[in-house]
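# Residue-level structural notes
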Amino acid sequence: MNILDTQGVDNKTAEIQKGIESIVLYTDKDFNAIENELISVQVERNGGSNIEITQGFVSLKRFLLASTFGDDAIGSFPASFPESFKTVAVIELTDGGALVMGANDKLKIALKSLDSASRYVIDGIESPLSSDDVYLYEEKSIPDEQTNYDVNVRNFDIAVMDDDTNITEINFTHDNGVVTKHSMRELRAVTQDIDPVAYVKNNGQVVPSFVGYLQFPLKGIVSVNVRKNSGSVVKFFMRKDVELVALGLIK
């Protein structure tokens, strides 16, 4: 079902009252050209606590990177299709079924800081199953002046981190207590090996990773230590581990 289709405006908000499993974002912009766009996704509960899938507005680019790492990829529709899009991304909202929606609950999706020359479309994918296991996202930042900083990642399964030249070393503390040391070059190689198809452009070119961003799994990692020079803020955008949410170990 179509949820949103917009062009020529700075912002757009839409909502539906039917549970869906995934949303699909399409745009005629190349993925690398997506920069300033922001997205907010939440479930407004009638008489209950809202579900903040994103904590307010977040970078659309980082959101797509976090939600497509691993078995999924960002795709496109070539010019030969009835509609050509340079970026097509399927974002799962839950693990294994449509969002459970109560009476008068609403799934609300908002976009802002849009490029008025570009088209943005969002569809919702229905499912015969239902699920309460909702994927949630959170952003953390390492301040400019911090040169040795620990990021607690115990409750997350995927991270998108700035691939910043000021970073000199990354250390992972694993759940068995072992600490492993890595350079950014090593992590780029390892993450491309895990997910060698990151983006299939509509000219057929396959891209294994994204300039300026590093995607990596967090399963079994409890802390990421970043050693860096001052000079920039390094952002982490992470997805909560839905298995831990389902077990009630995190909220």
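Please refer to the structure higher up on the page.
My aim in this report is to walk through the structure given alongside it, one point at a time. (Residues numbered from 1 in each chain as written. Predicted model: local features only at pLDDT ≥ 70, side-chain atom pairs only at ≥ 80, totals over all residues. Heavy atoms only, no water.)

## Focus: the side chain of Ser40
- For Ser40, the position within the fold is in strand β4 (residues 38–44).
- Judged by relative accessible area, Ser40 falls into the buried class, the value being 8%.
- Not counting residues within four places of it along the chain, the set of residues in contact with Ser40 comprises Thr54, Gly56, Phe57, Lys108, Ile109 and Ala110. (Helix = DSSP H or I, 4+ residues; strand = E, 2+ residues; numbered from the N terminus. Buried < 20%, exposed > 50% of the residue type's maximum accessible area, 1.4 Å probe, protein only. Contact = heavy atoms within 4.5 Å.)

## Some thoughts on the nonpolar core
- Ranked by size, the top nonpolar core spans 44 residues in total, and within it Ile3, Ile53, Phe63, Leu64 and Leu107 carry the most contacts.
- Elements with a minimum of two residues in this core: β1 (2–7), β2 (12–16), β3 (22–27), β4, α1 (60–68), β8 (85–92), β10 (106–112) and β11 (119–125).
- Broken down by element, this core gets its largest block of residues, five residues, from α1.
- Discounting chain neighbours no more than four positions away, the residues touching Leu64 are Leu25, Phe31, Ile34, Ile74, Ala89 and Ile91.
- By size, the runner-up hydrophobic cluster in this structure holds 20 residues, among which are Val153, Ala159, Phe172 and Leu214. (Core = buried A, V, L, I, M, F, W, Y, C linked by side-chain atoms within 4.5 Å.)

## Comments concerning the layout of surface pockets
- Counted as a void, the largest pocket has a volume near 230 Å³.
- Counted by class, the lining of the largest pocket contains five nonpolar, two polar and six charged residues. (1 Å grid on protein atoms, 1.4 Å probe; cavity = no way out; pocket = protein on both sides within 12 Å on 5 of 7 lines; lining within 4 Å. Points joined across faces, edges and corners; volume = space filled by probe spheres on them. Nonpolar A, V, L, I, M, F, W, Y, C, P; charged D, E, K, R; others polar.)

## Structural notes on the sheet that holds β11
- Pairing in this open sheet of five strands is antiparallel, and the strands run β1-β11-β3-β8-β7 from one edge to the other. Of all the strands in the sheet, the pair left with one neighbour each is β1 and β7 (75–77). For this sheet, the mean inter-axis angle between neighbouring strands, taken without regard to orientation, is 20°.
- Judged from the two bridges that link them, β7 and β8 form a sheet pairing that is antiparallel. The residue of β8 that forms the bridge with Gly75 is Val88.
- Strands in contact with α1 are β3 and β8; relative to β8, the strand with the most contacts, it is inclined by about 60°. (Pairing = 2+ DSSP bridges. Axes fitted to C-alpha atoms, helices over the stretch in contact; angles between N-to-C directions.)

## Quick word on the sheet that holds strand β17 (residues 179–182)
- If you trace the four strands from one edge of the open sheet to the other, you get β14-β21-β16-β17, paired in antiparallel fashion. The sheet is open, and its two edges are formed by β14 (148–152) and β17, each paired on a single side. For this sheet, the mean inter-axis angle between neighbouring strands, taken without regard to orientation, is 20°.
- Judged from the five bridges that link them, β14 and strand β21 (residues 221–228) form a sheet pairing that is antiparallel. Paired with Val151 across the bridge in β21 is Val224.

## With respect to helix α2 (residues 184–194)
- Inspection of α2 places Met184, Leu187 and Thr191 among the buried residues, and these make up the whole buried set. Along α2, the residues classed as buried sweep out an arc of 55° about the axis, all on the same side. Across α2 from its buried face, at more than 90 degrees, point the exposed residues Arg185 and Asp193.
- Packed against the buried residues of α2 are β15 (156–162), β16 (167–174), β17 and β20 (213–217). (Arc of directions from axis to C-beta.)

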